[in-house]
2 protein chains.
Amino acid sequence: MPQKHLVEIRDNPLFASIGAESFAALTRGAYVQNFPPHTELITEGEAADFLHIVSTGCVELFSIWQGRETSMSFQTENSTFILAATIKDLPYLMSARTITKSRVIMIPSQDIRGVFERDSMFAKSIVSELATCYRNAIKTAKNIKLRTSLERLANYILKLHLAQGGRIELELAVEKRRIASFLGMTPENLSRSFAGLKSHGVEMDGQVIKVVDAAKLEEFAHPNALIDG
Amino acid sequence: MPQKHLVEIRDNPLFASIGAESFAALTRGAYVQNFPPHTELITEGEAADFLHIVSTGCVELFSIWQGRETSMSFQTENSTFILAATIKDLPYLMSARTITKSRVIMIPSQDIRGVFERDSMFAKSIVSELATCYRNAIKTAKNIKLRTSLERLANYILKLHLAQGGRIELELAVEKRRIASFLGMTPENLSRSFAGLKSHGVEMDGQVIKVVDAAKLEEFAHPNALIDG
DNA sequence: TTCCATTTTTGATCTGAATCAAGACCGCTA
DNA sequence: TAGCGGTCTTGATTCAGATCAAAAATGGAA
């Protein structure tokens, strides 16, 4: 594996504090692969043979039941999936597909479990990562159960806005129908919701969102750190 | 702390494999308290000062946003809450209230973090518990996003039925309005959903559910281990 | 046993969002 | 530049579930 990928893995908080020998054991059997868009990397129900790390690009985690599909999250640079399945040696609960052309690092799950058994710093990093994943899942559940679809979109935009330092123009990184699915609504409803936010300080121009009145948007959205943080 | 509670804590998988000295360090500052029903034990947004263990009774985790409330889960004997907040030393994302008269063990979070730092078996137990919590949260999110409220109720009943060894009569342990909230619907809709399941092998008699045709219920519910497991 | 407060059920109505359809728009390829 | 496939928007309609109201049922206390 090229040195630059090793550096990249090291930069990931999950691996930043483990010993050199452990790190070698993890990266020895790992490999990197480039995937075109729309490639299914893992399928729910399959054995969790690898822990995946997104090097570049964007990967969508999704799930299907009885012909119905929902987007669960988007994984971008330097994020991993699915640690809980890897650690527990259980089937993946979600599928993953590339949204854009992506480079993905794959580390065999048994290597992860092997190092987890003997490197206590790694175990602690894993604890932190899993706790964060769990808390994020709770925030997502609260968002879905407590808010209308318009409120979910408003808070989604507000969060993007704040994450980009208050910038007025935000460019969506994925297709709107994917965002609709993630927010728990249909593409038609997302389109209508964007229109509905016009009176709350938001304008649309193709893939570009303009937050023309952030205070007004915030007044409508009622962001909450325990959901949106 | 009475010996019987120590045994009880030991029986919890989170604590079963830690060293005696670690165990003593955890239980030294812990205490047990009995609470009547409808007592709020923790409130979302508060600092996570304790890890709670339900000794007897039932505790509901819930959340409120802008006057809207939703039930997130029910914690029964031998379950803990909220490990992720305790470990990360972050505010609770959910509140908790007793549903029935309950006995709850409280362990100071800083004692948990102290032992976590130095007992690698404990760190591993925590990893397992957090991974399970995270996976359960993903299953819940899938249930909410992919299924109608009737389907969620059908699968809820089917799961209870299987958990009780296929017994025909199941007695609900909590009020129906709480279950309605947990399943993401109003009490009125839950009532109508129970009625709707009459043609799928389910009958109601107050707090007692009768699964009179499990095969028929299963045919409608399409249970899936990746959601209901 | 009666009374009271709360929960549950039922009926009527409303609404947010889905579904279906069709046209407009966009990006890519030849 | 034109054509094609896919995405997005808009309109019309349907519907799952919420809301509101009222009656019935339930459990606990006096």
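Residues numbered from 1 in each chain as written. Chains lettered and ligands numbered in written order. Predicted model: local features only at pLDDT ≥ 70, side-chain atom pairs only at ≥ 80, totals over all residues. Heavy atoms only, no water.

Trainee: What is the right way to read the domain arrangement of chain A from this model?
Mentor: As a measure of interface size, the accessible area lost when the parts come together is often cited. Residue and element names in this part refer to chain A. The domain architecture assigned to chain A consists of domain 1 (3–140) and domain 2 (147–228). Summed over both sides, the interface of domain 1 with domain 2 buries roughly 830 Å², with 60% coming from carbon and sulfur. If you sort the residues of domain 1 by the area they bury against domain 2, S71, F74 and K139 come out on top, with a joint share of 52%. Counting across the domain 1 and domain 2 interface gives two salt bridges. Applying the counting rule to domain 1 against domain 2 returns one residue pair in polar contact (both at pLDDT 80 or more). The element contributing the most residues to the side of domain 1 that touches domain 2 is strand β5 (residues 68–75), with six residues. In terms of residue class, the side of domain 1 that touches domain 2 is built from four nonpolar, three polar and four charged. (Domains from an automatic or database assignment. Buried area = accessible area lost by both parts, 1.4 Å probe. Salt bridge = Lys/Arg side-chain N within 4 Å of Asp/Glu carboxyl O. Polar contact = N/O pair within 3.5 Å; in protein donor to acceptor, adjacent residues only side chain to side chain. Helix = DSSP H or I, 4+ residues; strand = E, 2+ residues; numbered from the N terminus. Nonpolar A, V, L, I, M, F, W, Y, C, P; charged D, E, K, R; others polar.)

Trainee: It is not clear to me how the relation of the copies chain A and chain B should be interpreted in this structure. Could you clarify?
Mentor: Two copies of one chain are present, and they are related through a rotation about an axis combined with an axial shift. Take chain A, turn it by 180°, move it 0.0 Å along the axis, and it overlays chain B with an RMSD of 0.0 Å. Here the symmetry operator amounts to a two-fold rotation axis. Of the C-alpha atoms belonging to chain A, the one lying closest to the rotation axis is found on A:Y134, 2.2 Å away. (Least-squares fit on C-alpha atoms with pLDDT ≥ 70 in both.)

Trainee: Just checking my understanding: could you explain the pattern of salt bridges for this structure?
Mentor: Pairs can form between side chains of opposite charge whenever their charged atoms are close. Overall, the coordinates contain 20 salt bridges over all chains when judged by the stated rule. Residue A:E60 is joined to A:R97 by a salt bridge in which the shortest nitrogen-to-oxygen separation is 2.6 Å. Here A:E60, found in strand β4 (residues 59–65), pairs with A:R97, found in strand β7 (residues 95–98); they are 37 residues apart in sequence, far enough to count as distant. A single burial state applies to A:E60 and to A:R97, both of which are buried. Here B:R97 ties to B:E69 by a salt bridge, and the two come within 3.0 Å at their closest N and O atoms. Residue B:R97 is located in strand β7 (residues 95–98), and its partner B:E69 is located in strand β5 (residues 68–75); the two are separated by 28 residues in the primary sequence. You can call B:R97 buried: its relative accessible area is 13%. For B:E69, a relative accessible area of 36% puts it in the partly exposed group. (Buried < 20%, exposed > 50% of the residue type's maximum accessible area, 1.4 Å probe, protein only.)

Trainee: Can you walk me through the environment of A:F182 in this structure?
Mentor: Mapped onto the secondary structure, A:F182 falls in helix α7 (residues 176–182). In this structure, the C-alpha to C-alpha distance between A:F182 and A:N155, residues 27 residues apart in sequence, is 13 Å. Not counting the four nearest positions on each side in its chain, A:F182 is found in contact with A:S71, A:M72, A:S73, A:F74, A:Y156 and B:K145. (Contact = heavy atoms within 4.5 Å.)

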